[in-house]
Structure formats: C-alpha cells, structure tokens
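Inside the fold
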Amino acid sequence: MLWIFLSVLFGFTLMGVPIVFSLGVANLVMLFVMDLPFMVLPAEIISGMNSFPLLAIPFFMFVGEVMNRGGIAKRLVDFADSLVGHITGGLGHVSILSSMFFGGICGSAVAEAAAIGGLLVPPMVRQGYPPALAGAITASAAVIGIIIPPSIPFILFGIVTNTSIAKIFLGGIIPGILVGLSLMITTYFITKKRNIASRRADRRFSGARVWETFKGAGLALSIPVIIVGGILGGIFTATEAGAVAAFVALFLGLFVYKEVSLRDIPGIFLSTAKTTGIVLFLCGMAMGTAWLLTRARVPFELAETVRSITASRMGVLLLTNVLLFFVGFVMDLTPAMLILAPILLPLVQSVGIDPVYFGVVMSVNLGIGLITPPVGTVLYVACGVANVRFDDLVRSIAPYVVAEVVTLLLLLFFPQIVLFIPNMVMQ
Amino acid sequence: MKRLLDVAERGYRLLLTVMAIILFLVVGASVFTRYCLNSSLGWADELSRFIFIWISFLGAAYAYAYDEHLGLDFIVERIRPAKLQTLVRLFGDISIGAVLLVITIYGWTVADSATNLSPALYLPMKWIYMIVPATGALMVVLNVVKIFGRLSALFRPDLPAEGTGGNG
C-alpha cells in the first residue's frame with residue numbers, strides 16, 4: 001500500500017499537479033484499492049480540520065503578515081545589527097540573529113525567508129556578499145523560525161500525535177539557538193576565507209547603540225515573551241497565545257510603529273484567509289492520507305521491518321532520522337509531518353523514545369528538508385528574494401545544510417538538549 | 001459577463017475578509033473574557049472552529065482560482081514541445097477534477113446525512129458541513145474553465161501553449 005501511495009503521489013506531483021491534489025488522487029486510489037466508500041475522503045478532511053489547536057495557524061500567519069508590512073522586522077534587524085553587526089561577516093550574522101528573534105514571533109519558515117530576506121539581501125550584497133550566498137544564509141536561517149517557538153510544525157505534530165504542544169514549544173528553544181549558532185560559525189569561516197564583509201576598524205560594539213535600537217525592538221520582542229511566558233505558566237494554549245500575539249502585533253503596527261494603516265487591514269485579513277485555506281486544505285488532505293495508511297496497517301508493517309533490522313533505541317532513532325532526511329528532499333514539511341508523525345510515533349515509542357523529544361527532532365529534520373533540493377519551499381522563496389538561479393543557490397547552501405545536520409546529530413546523541421527546559425518547567 | 005464576474009469576485013473577497021475579521025474578534029473576545037473577566041464563553045470555542053472550517057474551504061477555493069496551491073512546476077515547465085507540456089497539464093487538470101468531483105458529491109452526502117445540532121450553539125451541523133460541497137462545486141467550475149483554456153491552447157496553433165492559465 002505504501003508503494004502504491006508513494007508512486008501515485010510523486011507521479012502526479014512531477015506532472016505539476018499541486019501537492020494537495022496529488023495527495024487527493026493518491027487518497028482516491030487507496031480508497032479504491034482498499035474497497036472503502038469515497039465518502040471517507042470528505043469526512044476525514046472535515047474531521048481533521050475541526051480542531052481547536054489547528055486554529056493557532058491562522059493567527060501565526062496573521063502575525064507574519066503584519067510583521068512583513070508593519071516595520072516590526074526592520075526594528076528587529078536594527079537591534080540584531082547593534083549586537084553582532086561588527087563581527088567578521090557583518091550582515092550575515094545580523095540576518096541569522098534577526099531570524100532567531102523573528103522565529104520567536106512567527107511560526108513559518110516561508111514567511112521568515114520572505115521578510116528577513118527582503119530586508120537584508122540587498123544590503124548584504126552591497127556589503128560584498130555574492131547574491132547566492134546572501135540567499136543561502138537567508139534560507140538556512142529561516143529554518144530557525146520553525147524550531148524556536150511558536151512553530152506551525154510543532155503544532156501539527158502535537159495535534160496528530162496527541163502530544164502536549166506547550167512542551168514541544170519549550171523543547172524547541174535550545175535547539176533553535178544551537179542551529180543559529182552553527183549557522184553563525186559557518187558564516188564566520190566562509191566570510192573570513194573569502195574576505196567578505198571583513199571587520200572594520202571604525203565599527204565597534206557599542207552598548208549605547210544596543211540600548212538605542214532595543215528601545216525600538218523591545219516592544220516587538222515582548223511578543224515571544226508573552227507567547228513563551230504564557231505557555232510556560234500554563235496560562236495560554238497555543239491558540240490563545242497566537243491570538244494574543246496577533247493582537248499585540250496589530251496594535252504595534254497600527255499605533256506604535258505606525259507603519260500599518262487602517263486601509264491595509266482588509267488586505268492583511270484577506271491574505272491570511274487565503275494562506276489559511278492553502279495550508280488547511282493540505283492539512284485535511286494529508287490527515288486523510290494518514291488515516292488511510294494507518295488503516296492499511298502501514299505503521300505496523302514499517303515498525304516490524306525496522307525492528308527486524310535493529311531493536312536498540314539509538315538504532316531506531318538513527319534509522320528514522322535517515323528516512324526523514326531523505327523524505328525531506330522530495331516532500332514538503334507540512335504533508336511529511338502530518339503523514340509520517342502518526343506512522344513513526346508508535347515505532348519510536350516502542351523503544352522508549354519520548355514523544356516531545358521526537359516531535360522536536362522530527363521538525364528540525366524535516367525543517368532541513370525545506371532547504372534541500374529539489375523540493376524545498378524556502379529555497380524557492382530565497383531564489384526570489386535574492387534573485388539568483390536555483391542551482392547557484394543550492395551550491396552556496398551546501399555548507400549550511402551540513403551545519404544544520406551536525407546540529408541535528410548533536411540533538412540525536414544528547415537528548416537532554418531538547419528535554420532540559422520542558423522537564424525542568426513541567427513535571 | 002465580465003462585470004458580473006468582477007462583482008462576484010469582489011463579493012467573495014469581502015466574504016473571506018469579513019469572516020477572517022469575525023474569527024479574530026471571536027477568539028480575541030474569548031481570551032479576554034477568560035483571563036480578564038474570569039468567565040468563559042462556551043459558544044466562542046465552537047463558533048471559532050466553525051468559522052475556521054468555512055475560511056479554510058473558502059480560502060482553498062480562492063487559492064485554486066489563482067493557481068496558488070503549492071506544487072512543483074520546474075519539471076513540467078521544461079517539457080518541450082509546448083503542446084506536449086499542455087497535454088501533460090491537461091491530464092493533471094482532469095485528475096484534479098476527479099478529486100474535486102469526489103469532494104463535492106460525497107461532501108454533499110456527508111453534510112446531508114449530518115442530522116445533529118452543535119452542542120453549544122444548536123446550529124445544524126448540516127449547514128456547517130455544506131461549505132464542503134459548495135466550495136467543491138465552485139472549484140469544479142473553475143477546473144472546467146481551466147480545462148477549456150488548455151484545450152483551446154492545444155487546438156490553436158497561433159498562440160503559445162504555455163503557462164498555467166489561471167482564471168479569476
């Protein structure tokens with residue numbers, strides 16, 4: 001059944017059929033083969049969507065829309081520049097640190113690549129970065145957006161596996177920072193070797209400048225504090241935190257930074273509704289797929305196969321991660337998460353792997369898939385903002401993919417990195 | 001005819017925008033009353049989920065009209081001659097049509113067989129689920145228009161038969 005599903009899905013995707021409809025065709029074929037009524041398809045789509053936690057998604061989308069227009073991203077960039085702009089590599093580090101701040105506000109890597117890339121690629125090129133390298137840094141840093149909470153993939157994992165979304169959010173904090181550090185180290189060595197944006201004598205770290213820019217960015221940075229603090233304290237669910245973040249972002253854009261006008265508001269709501277439709281239709285369809293594959297006993301068979309190869313905790317963990325890494329090349333994050341999380345979780349739980357831990361690791365792994373060709377949504381966005389050819393971007397991004405894989409391996413060998421905060425806070 | 005389509009599209013956008021604003025306000029109000037007034041709105045949770053389902057389907061149909069659903073175009077784009085590419089895309093559109101027909105027809109069956117009322121608001125679930133066949137039918141119409149666009153590109157030698165052929 002797995003092979004039928006995969007060949008139909010990839011066959012139609014390669015023909016240019018949108019992923020959601022390729023999944024739809026694959027679902028129809030599976031229904032036909034399994035001799036189930038077609039009614040199952042719409043019924044599963046509806047029941048998949050009818051969920052309160054999923055409602056967090058439009059709010060985080062909305063925050064992303066407001067941030068793109070409302071001058072919030074620009075202030076975060078200024079603040080990041082005052083902190084790390086003086087290091088060799090200059091704006092490359094600023095781009096990565098801004099992505100980390102931005103990641104605390106917005107939960108989507110695509111929104112991040114568009115916002116930060118749009119702001120920072122032109123000045124990076126002026127500073128001497130080749131456009132392909134500037135695009136590569138933007139794209140690889142955007143992955144942090146889905147690791148530092150809030151994060152749409154974390155929400156999806158929590159929903160389909162019934163795991164505490166709050167705990168997964170907390171588990172993403174340290175890994176997100178580690179990915180950021182690994183990218184900054186990579187940037188440092190690349191720029192040093194190629195003599196890009198080298199250290200200037202007239203540019204020093206200045207506490208006064210940090211304070212000055214912090215006054216602009218501080219209010220925007222209150223959003224991640226509200227989200228993480230609210231969830232930490234058990235006050236908010238992810239959906240409520242999303243709603244609060246959306247109100248704060250809109251308030252800042254309208255009244256404090258004054259870069260959103262009342263006339264922009266209908267447009268922001270309309271494009272939020274459209275992206276919600278795109279993501280949720282895909283979610284519903286992928287949840288239908290997951291239901292069908294489970295009903296065809298695919299998770300059971302997969303677990304049997306894996307356990308015939310290895311029965312150790314580490315063996316299963318490494319094997320599933322190799323699988324996820326290869327899936328990341330050919331499949332987009334959202335459908336991969338929704339289809340594979342329910343299939344893989346029983347397997348990893350059977351060898352004693354913590355679901356919160358696995359949710360974070362799976363998101364990081366599939367997040368790397370966003371910047372690996374040929375299917376990498378973030379790569380396409382970065383091609384657009386940096387105006388470079390796909391092949392050039394792919395060549396420049398290779399060292400960053402390696403850096404993120406190294407970070408992933410750290411998470412695999414030291415689970416405490418992920419579990420430290422959630423275990424400390426929620427017993 | 002053109003003007004009629006324009007008006008319909010503007011109405012559709014207005015509907016989507018207004019529903020998104022209502023969703024925003026309902027969830028906002030429920031968070032506010034729970035934390036500031038210490039009383040929860042039982043109906044808000046339910047209403048927000050229902051509006052959310054409607055927005056998802058309406059937004060999906062809107063995105064379909066403009067060919068904005070995520071997909072891989074870079075392989076099909078390279079198919080030459082252009083007629084063969086159009087033929088491949090035509091086959092893709094027909095398969096999309098099959099999925100949409102199933103969603104519309106069986107979505108109707110699912111909605112029509114729902115006889116219960118929602119627990120908090122006593123709304124008939126039938127009407128909430130009816131958004132599935134409604135937007136499904138809309139997408140079927142759009143799909144037929146797209147298929148005709150491809151066919152006319154296929155049988156007219158003077159025009160370049162490329163592009164995705166989006167229709168408003």
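Not measured: the values here are computed from a predicted model.

1. Some thoughts on the overall build of chain A
Counting secondary structure elements, chain A contains 21 helices and zero strands. Compactness check: chain A gives a C-alpha radius of gyration of 21 Å against a globular reference of 22 Å for 427 residues, within 12% of the reference. The dimensions of chain A, computed from C-alpha atoms along their principal axes, are 70 × 50 × 50 Å. Within chain A, the proportion of its 427 residues that are buried is 64%. Considering only residue pairs separated by 6 or more positions, chain A has 78% of its internal contacts joining residues 24 or more positions apart. Per element, the accessible surface of chain A, about 15100 Å² overall, is 67% carbon and sulfur. Side chains of chain A give 23 positive and 18 negative charges; the mean places of these two sets differ by 10 Å.

2. Some thoughts on helix H21 (residues 416-425) of chain A
Side chains of residues three or four places apart in an α-helix project in the same direction, reflecting 3.6 residues per turn. Restricting attention to buried positions, one finds in H21(A) the residues A:Ile417, A:Val418, A:Leu419, A:Ile421 and A:Pro422. Looking at the packing, one finds that the buried side of H21(A) touches helix H10 (165-171), helix H11 (173-194), helix H18 (355-368) and helix H20 (390-413) of chain A.

3. Comments concerning the nonpolar core
Most often, soluble globular proteins keep nonpolar side chains buried together rather than apart. Counting 215 residues, the largest nonpolar core has A:Phe21, A:Leu76, A:Phe281, A:Met285, A:Phe358 and A:Met362 as the members making the most contacts within it. Sorting elements by how many residues they give to this core places helix H14 (residues 265-295) of chain A first, with 15 residues. Not counting the four nearest positions on each side in its chain, A:Met285 is found in contact with A:Val20, A:Leu23, A:Gly24, A:Asn27, A:Leu41, A:Ile45, B:Val99 and B:Ile103.

4. A closer look at the packing of aromatic side chains
Evaluation of the coordinates by the stated rule reveals 23 aromatic pairs over all chains. When the centroid spacing of 5.6 Å and the interplanar angle of 85 degrees are considered together, the rings of A:Tyr188 and A:Phe189 count as edge-to-face. By the ring-pair criterion, three or more aromatic residues cluster together here, those being A:Phe59, A:Phe62, A:Phe247, A:Phe269 and B:Phe24.

5. Focus: the confidence of the model for chain B
All names here are of chain B. Summing up the model confidence of chain B, the mean pLDDT is 88 and the portion of residues at 70 or higher is 93%. Across residues 161-168 the pLDDT falls below 50, and counting only partners more than four positions away or on other chains, this stretch makes 24 contacts in the model. Quick note on the complex model: pTM equals 0.89, ipTM equals 0.90.

6. Side note on the interface of chain A and chain B
A common way to express how large an interface is: the accessible area buried when the components associate. Contacts between the two partners involve 52 residues from chain A and, on the opposite side, 52 residues from chain B. When the buried area of chain A at its contact with chain B is split by residue, A:Phe21, A:Ile46 and A:Phe269 rank highest and sum to 13% of it. Here chain A and chain B share two salt bridges between them. Measuring nitrogen to oxygen at the nearest pair gives 3.1 Å for the salt bridge that ties A:Lys274 to B:Glu68. There are four residue pairs in polar contact (both at pLDDT 80 or more) connecting chain A and chain B. Looking at the side of chain A that touches chain B, the elements with two or more residues in it are helix H1 (2-14), helix H2 (19-33), helix H3 (40-49), helix H4 (56-69), helix H13 (238-256) and H14 of chain A. In terms of residue count, the dominant contributor to the side of chain A that touches chain B is H14(A) (11 residues).

7. Regarding the confidence of the model for chain A
With 99% of its residues at a pLDDT of 70 or more, chain A has an overall mean of 91. Mean pLDDT values over the elements of chain A span from 85, in H4(A), up to 97, in H18(A).

8. A word on the pattern of salt bridges
Within the structure shown, the criterion is met by 16 salt bridges over all chains. Across the salt bridge formed by A:Asp391 and A:Arg389, the nearest N and O atoms sit 3.2 Å from each other. Judged by its relative accessible area of 35%, A:Asp391 is partly exposed. With a closest N to O distance of 3.8 Å, B:Asp6 and B:Lys2 form a salt bridge. Here B:Asp6 pairs with B:Lys2, and both are found in helix H1 (residues 2-36), just four residues apart, close to one helical turn.

9. Points about unusual backbone geometry
With an omega dihedral of -5 degrees, the bond running from A:Pro373 to A:Pro374 counts as a cis peptide bond. Structurally, the position occupied by A:Pro374 is in the loop between H18 and helix H19 (377-386). Residue B:Pro81 follows B:Arg80 across a cis peptide bond; omega there is 0 degrees. Here B:Pro81 lies in the loop between helix H2 (42-65) and helix H3 (82-113). Its identity is not glycine, yet A:Asn387 carries a phi of approximately 55 degrees, on the positive side. By relative accessible area, A:Asn387 is classed as exposed at 69%.

10. Describing the packing of helix H6 (residues 91-103) of chain A against helix H7 (residues 109-126) of chain A
Residue and element names in this part refer to chain A. One way to put it is that H6 packs onto H7 with a least axis distance of 10 Å and a crossing angle of 160 degrees. By the angle between their directions, the pair H6 and H7 is classed as roughly antiparallel. Remark: the crossing between H6 and H7 carries right-handed chirality. Only Glu112, Ala115, Ile116, Leu120, Pro123 and Met124 of H7 make contact with H6, whose side of the interface consists of Leu91, Gly92, Val94, Ser95, Ser98, Ser99, Phe102 and Gly103.

The rules behind each value
- Residues numbered from 1 in each chain as written.
- Chains lettered and ligands numbered in written order.
- Predicted model: local features only at pLDDT ≥ 70, side-chain atom pairs only at ≥ 80, totals over all residues.
- Heavy atoms only, no water.
- Helix = DSSP H or I, 4+ residues; strand = E, 2+ residues; numbered from the N terminus.
- Rg over C-alpha atoms; globule rule 2.2 N^0.38 Å.
- Buried < 20%, exposed > 50% of the residue type's maximum accessible area, 1.4 Å probe, protein only.
- Contact = heavy atoms within 4.5 Å.
- Areas by Shrake-Rupley, 256 points an atom, 1.4 Å probe, with all protein chains shown as cover.
- Lys, Arg positive; Asp, Glu negative; His and termini not counted.
- Charge placed at Lys NZ, Arg CZ, Asp CG, Glu CD.
- Core = buried A, V, L, I, M, F, W, Y, C linked by side-chain atoms within 4.5 Å.
- Phe/Tyr/Trp six-rings, centres within 6.5 Å; stacked < 30°, edge-to-face > 60°.
- pLDDT = per-residue confidence, 0-100.
- Buried area = accessible area lost by both parts, 1.4 Å probe.
- Salt bridge = Lys/Arg side-chain N within 4 Å of Asp/Glu carboxyl O.
- Polar contact = N/O pair within 3.5 Å; in protein donor to acceptor, adjacent residues only side chain to side chain.
- Axes fitted to C-alpha atoms, helices over the stretch in contact; angles between N-to-C directions.
- Parallel < 35°, antiparallel > 145°, perpendicular 65-115°, else oblique.
- Left-handed = near helix turned anticlockwise from the far one by under 90°.

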